Amino acid sequence: MARVGTALLELRGAQKSAKGVSLYSRFVNRPAGRYLAAGSYALGLTPNQVTLVSAASSFAAVASVALAAPSWGLGVAVWAALAVGFAFDSADGQLARLRGGGSAAGEWLDHVVDAAKLTALHACVLIAFHRFPEQYGTGSDGWLLVPLGFQFAAVVTFFGGLLTEKLKPKPAPGSPAAAPSTLRAVALLPVDYGVFCLVFLLLGGGALFRWAYAGLGAVAALFLLAFLAKWFRELSAVRR
């Protein structure tokens, strides 16, 4: 316990900037990840092992969406597993910083798992819509396009954000970090992965889940357009 307490103290002073982070990630997921990182440190786990724990929890939830008939109990279990996986996704980076810094291989593994998770999750919703049309009310094939569109928006946003960060010039060493905007943190809530996971609590509602999922997909598409315009404008000023 003493080792966990020491790790928590160190982690509180080694947090990433809150700039561009939604309220959920800032006040729920990152603090949860901090406790998981401290516990993992006490157990002697490596960041890569924590990434694999995150992957196991997330993909167990993803598979359940595709394989099991929708119910309220399944929705709670899927949401819990996705939320735990997301918290461990935050913990691996925090654990790496606690141990003195991560590796290129670790960062690669983390991003590959994130990309696979996003792709698989929406693919499994598509499978669920196809396998259980009566429960979800997805007898029309047009509903199968909704997960495909959501997947497209989510993956392009993920890749575009990563690529933008790689191409933008790094701030000069010692320069003060920009203060996080509360308004921006609130505005980003609809496209925060942790908030998105909450929609699976509605799995037992059938059509209620379908419409809530489709609504979040439409919001994700609108945010993608806004992000693309913003990133292109920012990078237009960068000379290489």
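Here the structure is shown first, and the text comes after it.
Residues numbered from 1 in each chain as written. Predicted model: local features only at pLDDT ≥ 70, side-chain atom pairs only at ≥ 80, totals over all residues. Heavy atoms only, no water.

## A look at the packing of helix α5 (residues 104-131) against helix α10 (residues 207-236)
Piece 1. Between α5 and α10, the shortest axis-to-axis distance is 13 Å and the interhelical angle comes to 145 degrees. Of the two possible hands of crossing, α5 and α10 adopt the one that is left-handed. When α5 is examined against α10, the residues H122, V125 and F129 are found in contact with a partner set consisting of F209, R210 and Y213.
Piece 2. The class makeup of the residues in the contact of α5 with α10 is 4 nonpolar, 1 polar and 1 charged. (Axes fitted to C-alpha atoms, helices over the stretch in contact; angles between N-to-C directions. Helix = DSSP H or I, 4+ residues; strand = E, 2+ residues; numbered from the N terminus. Left-handed = near helix turned anticlockwise from the far one by under 90°. Contact = heavy atoms within 4.5 Å. Nonpolar A, V, L, I, M, F, W, Y, C, P; charged D, E, K, R; others polar.)

## Points about the packing of aromatic side chains
Piece 1. Tallied over the entire structure, the rule returns 16 aromatic pairs.
Piece 2. With centroids separated by 6.3 Å and ring planes inclined at 75 degrees, the aromatic side chains of F129 and F209 adopt a geometry described as edge-to-face. Placement of F129 in helix α5 and of F209 in helix α10 is noted, with a sequence separation of 80 residues between them.
Piece 3. Looking at F129, the relative accessible area reads 1%, which means it is buried.
Piece 4. Both rings, one in F129 and one in Y213, keep their centres 6.0 Å apart while their planes meet at 85 degrees; by these two values the pair is edge-to-face. Here Y213 lies in helix α10 and F129 lies in helix α5, a separation of 84 residues in the sequence. Taken as a pair, F129 and Y213 share a single burial class, namely buried.
Piece 5. Following the ring pairs from residue to residue traces out a cluster consisting of Y24, F86, F129, Y136, F150, Y193, F196, F200, F209 and Y213.
Piece 6. The ring of Y193 has K117 sitting right over it, with the charged end atom 4.6 Å from the ring centre. (Phe/Tyr/Trp six-rings, centres within 6.5 Å; stacked < 30°, edge-to-face > 60°. Buried < 20%, exposed > 50% of the residue type's maximum accessible area, 1.4 Å probe, protein only. Lys NZ or Arg CZ within 6 Å of the ring centre and 35° of its normal.)

## A few points about α10
Piece 1. For α10, spanning 30 residues, the distance from its first C-alpha to its last is 43 Å, which sits close to the expected 44 Å at 1.5 Å a residue.
Piece 2. When we look at burial in α10, the residues that qualify are F209, R210, Y213, A214, L216, G217, A220, L224, F227 and W231.
Piece 3. Looking at the packing, one finds that the buried side of α10 touches α5, α6 (133-136), α7 (145-167) and α9 (193-197). (Expected span 1.5 Å × (residues − 1).)

## A short note on the environment of G101
Piece 1. Relative to the helices and strands, G101 resides in the loop between α4 (72-98) and α5.
Piece 2. Judged by relative accessible area, G101 falls into the partly exposed class, the value being 44%.
Piece 3. In this structure the C-alpha to C-alpha distance between G101 and P47, which are 54 residues apart in sequence, comes to 9.9 Å.

## Description of the pattern of salt bridges
Piece 1. Using the criterion set out here, one finds 4 salt bridges in the structure.
Piece 2. Taking the shortest distance from any N to any O, the salt bridge between E234 and K168 comes out at 3.7 Å. You can see E234 sitting in helix α10 and its partner K168 sitting in the loop between α7 and α8 (182-187), a full 66 residues away along the chain.
Piece 3. Residue K230 is joined to E234 by a salt bridge in which the shortest nitrogen-to-oxygen separation is 2.7 Å. With a gap of 4 residues between them, K230 and E234 both fall in helix α10, about one helical turn apart.
Piece 4. Salt bridges sharing partners connect three or more residues here, namely K168, K230 and E234. (Salt bridge = Lys/Arg side-chain N within 4 Å of Asp/Glu carboxyl O.)

## Observations concerning the nonpolar core
Piece 1. Counting 33 residues, the largest nonpolar core has V78, Y193, F196, F200 and F209 as its most contacted members.
Piece 2. Only α3 (47-67), α4, α5, α7, α9 and α10 provide two or more residues apiece to this core.
Piece 3. Ranked by residues supplied to this core, first place goes to α5 with 6 residues.
Piece 4. If we ignore the near neighbours within four places in the chain, the residues touching F209 are V125, F129, Y136, V199, F200, L202 and L203.
Piece 5. Of all hydrophobic cores here, the second largest spans 6 residues; its members include F88, A91, L95 and L98. (Core = buried A, V, L, I, M, F, W, Y, C linked by side-chain atoms within 4.5 Å.)

## As for the environment of C124
Piece 1. Relative to the elements of secondary structure, C124 occurs in helix α5.
Piece 2. As for C124 and A66, which are separated by 58 residues in sequence, their C-alpha atoms are 4.8 Å apart.
Piece 3. Sequence-distant contacts of C124, that is, excluding residues within four places in its chain, are made with V62, V65 and A66.

## Description of the packing of helix α2 (residues 23-43) against α4
Piece 1. Look at α2 against α4: their axes get within 7 Å of each other, and the N-to-C directions meet at 60 degrees. For the element pair α2 and α4, the recorded crossing hand is right-handed. Here α2 contributes Y24, S25, N29, R30, A32, G33, R34, L36, A37, S40 and Y41 to the contact with α4, which in turn contributes A83, F86, A87, F88, S90, A91, Q94, L95 and L98.
Piece 2. Each residue belonging to the contact of α2 with α4 can be placed in one class, and the counts come to 12 nonpolar, 6 polar and 2 charged.

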